[in-house]
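Residue-level structure breakdown
Okay, here's what each chain looks like letter by letter:
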Amino acid sequence: MSIPSFGVGTFRLTGQAAIDSVRNALDVGYRAVDTAQIYGNEAEVGQAIAASGVKRSELFVTTKIWTENYAKGKLVASLRDSLQKLRTDYVDLTLIHWPAPGNGVALAEYMEALAEAKALGLTRQIGVSNFNIELTRQAIAAVGKGEIATNQIELSPYLQSHKLTAFLKEQGIAVTSYMTLAYGKVLKDPVLAKIADKHQATVAQVTLAWALQLGYAVIPSSTKRENLASNLLARNMTLDAGDMAQIAALERNGREVSPEGLAPAWD
Ligand SMILES: NC(=O)c1ccc[n+]([C@@H]2O[C@H](COP(=O)([O-])OP(=O)(O)OC[C@H]3O[C@@H](n4cnc5c(N)ncnc54)[C@H](OP(=O)(O)O)[C@@H]3O)[C@@H](O)[C@H]2O)c1
């Protein structure tokens, strides 16, 4: 995989909460940070990174372009603005945040603008987020096979997106699971609780280990240093085939996020 398998998310975190969360994450060992223009926290993420003392070359920073910046004349300039806020010369990965069909900018236009940002050295890799199979195909057609590092999608034990993940695997595109914990919903699940007891682990660790074992990258967020630290330990867990089968059976098309006008027709 060309992207780190474990990072910290920053959605919903603003101001001091964003600074503290990123600072704690870097402190306990995270080296990848996921932000977005629309989160309104790029400056705070940049501030926390600068204060951490961690070398830029050891970090993997992802941002996402917001829909109002998709036009050819805007995307690169908006990314330069993000870089300034993040206090860096480049990001490691830039994603198109939502396909946003009908926002007036054609998919080929924004994908080409994203590829231009990469050619200019503003981002090391490019990718998409919340794209269905058909739109991912169109993105590949626009910028070429092998250019799309990841499709960042909602994916949890309650929403496993088998068709889309199989397609992405076939195309060699990494899957990044966002809201792996279903924003906390899966933490109350009795099946996961039983597996967690067996391994003397937390439900969050079991859920994250499940996604990692399927080959997905994860970016859980937390406002709490102890949760950030314990989530990272999911990397050391191994679930057995029985555990994996029980978690597979939790699928219920439990989608949490599907904003009108931004989301595609899901597969
Ligand atoms: N591309 C997209 O459109 C998109 C959309 C949504 C999210 N994302 C990205 O994905 C990241 C993850 O998603 P998310 O933050 O929405 O949801 P999430 O990671 O599924 O869940 C975060 C929630 O789980 C809680 N939590 C985390 N670890 C815990 C633990 N060990 N024990 C108990 N509770 C725990 C957190 O509460 P505490 O603060 O109390 O720990 C927080 O309320 C985002 O931050 C963002 O970077 C991307």
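In what follows, the accompanying structure is described.

What counts as what
Residues numbered from 1 in each chain as written. Predicted model: local features only at pLDDT ≥ 70, side-chain atom pairs only at ≥ 80, totals over all residues. Heavy atoms only, no water. Pairing = 2+ DSSP bridges. Helix = DSSP H or I, 4+ residues; strand = E, 2+ residues; numbered from the N terminus. Core = buried A, V, L, I, M, F, W, Y, C linked by side-chain atoms within 4.5 Å. Buried < 20%, exposed > 50% of the residue type's maximum accessible area, 1.4 Å probe, protein only. Contact = heavy atoms within 4.5 Å. Salt bridge = Lys/Arg side-chain N within 4 Å of Asp/Glu carboxyl O. Phe/Tyr/Trp six-rings, centres within 6.5 Å; stacked < 30°, edge-to-face > 60°. Lys NZ or Arg CZ within 6 Å of the ring centre and 35° of its normal. Axes fitted to C-alpha atoms, helices over the stretch in contact; angles between N-to-C directions. Parallel < 35°, antiparallel > 145°, perpendicular 65-115°, else oblique. Left-handed = near helix turned anticlockwise from the far one by under 90°. Nonpolar A, V, L, I, M, F, W, Y, C, P; charged D, E, K, R; others polar. Right-handed = clockwise from strand over helix to strand, strands pointing away.

Turning our eyes to something else, we now look at the sheet that holds strand β2 (residues 32–34). The strand order across the open sheet built from eight strands is β1-β2-β3-β4-β5-β6-β7-β8, with neighbouring strands paired in parallel fashion. Looking at strand neighbours, the two that pair on one side only are β1 (8–9) and β8 (217–218), the edges of this open sheet. Summarising the sheet, strand β4 (residues 91–96) and strand β5 (residues 123–129) pair through five bridges and their orientation is parallel. Bridged to Thr-94 within β5 is Ile-126.

One finds Tyr-110, Met-111, Val-206 and Leu-239 to be the most contacted residues of the largest nonpolar core, which totals 81 residues. Top contributing element to this core by residue count: helix α8 (residues 203–213), with eight residues. For Met-111, the contacting residues outside a window of four places in its chain are Ile-96, Val-128, Ala-139, Ala-142, Val-143 and Ile-148. The next biggest cluster of nonpolar side chains, apart from the first, holds eight residues, and it includes Ala-32, Phe-60, Leu-95 and Ala-174.

Moving on: the environment of Ala-182. Its place among the elements puts Ala-182 in the loop between β7 (174–178) and α7 (190–199). Ala-182 sits 35 residues away from Ala-217 along the chain, and the two C-alpha atoms are 15 Å apart. With sequence-adjacent residues up to four places away left out, Ala-182 is seen in contact with Ser-156 and Glu-256.

It is worth spelling out the pattern of salt bridges at this point. Enumeration over the complete set of coordinates arrives at nine salt bridges. Lys-85 is the partner of Asp-81 in a salt bridge, and the nearest nitrogen-oxygen pair spans 3.4 Å. Linking Asp-81 with Lys-85, this pair stays in helix α3 (residues 72–86), spanning four residues, or about one helical turn. Overall, the relative accessible area of 37% leaves Asp-81 in the partly exposed class. The salt bridge partner of Glu-256 is Lys-185, with a shortest N-O separation of 3.0 Å. In this pair, Glu-256 is assigned in the segment after α10 (241–248) and Lys-185 in the loop between β7 and α7, connecting sequence segments 71 residues apart. Lys-185 sits in the partly exposed class, given a relative accessible area of 45%.

This structure, assessed with the given rule, holds four aromatic pairs. Relative to Trp-266, the ring of Trp-98 lies with its centre 6.3 Å away and its plane at 70 degrees, an arrangement referred to as edge-to-face. One end of the pair, Trp-98, is in the loop between β4 and α4 (107–119); the other, Trp-266, is in the segment after α10, and 168 residues separate them in sequence. Under the relative-accessibility criterion, Trp-98 is labelled buried at 6%. Just above the ring of Tyr-90 sits the side chain of Arg-56; from NZ or CZ to the centre is 4.0 Å. Note that Arg-255 overlies the ring of Trp-266, its terminal NZ or CZ placed 3.8 Å from the centroid.

The subject of this paragraph is the packing of α4 against helix α5 (residues 133–143). In contact at an axis separation of 9 Å, α4 and α5 are set at 55 degrees when each is read in the N-to-C sense. Taken together, the axes of α4 and α5 are oblique relative to one another. Where α4 crosses over α5, the two elements pack in a sense that is right-handed. On α5, the residues touching Leu-107, Ala-108, Met-111, Glu-112 and Ala-115 of α4 are Leu-135, Gln-138, Ala-139, Ala-142 and Val-143. For the contact of α4 with α5, the residue count by class is eight nonpolar, one polar and one charged.

This brings us to the pairing of β7. The element β7 is extensively covered by neighbouring structure, given that five of its five residues are classed as buried. The two faces of β7 match: Ala-174, Thr-176 and Tyr-178 on one face and Val-175 and Ser-177 on the other face are all buried. Pairing between strand β6 (residues 148–154) and β7: five bridges, direction parallel. Looking at the pairing, Asn-151 lines up with Val-175 of β7. With respect to chirality, the unit in which β6 leads through helix α6 (residues 162–171) into the neighbouring parallel β7 is right-handed. Pairing analysis gives two bridges linking β7 to β8, with the strands arranged parallel. Paired with Thr-176 across the strands is Ala-217, a residue of β8.

Keep in mind that these numbers describe shape and distance, not what the molecule does.
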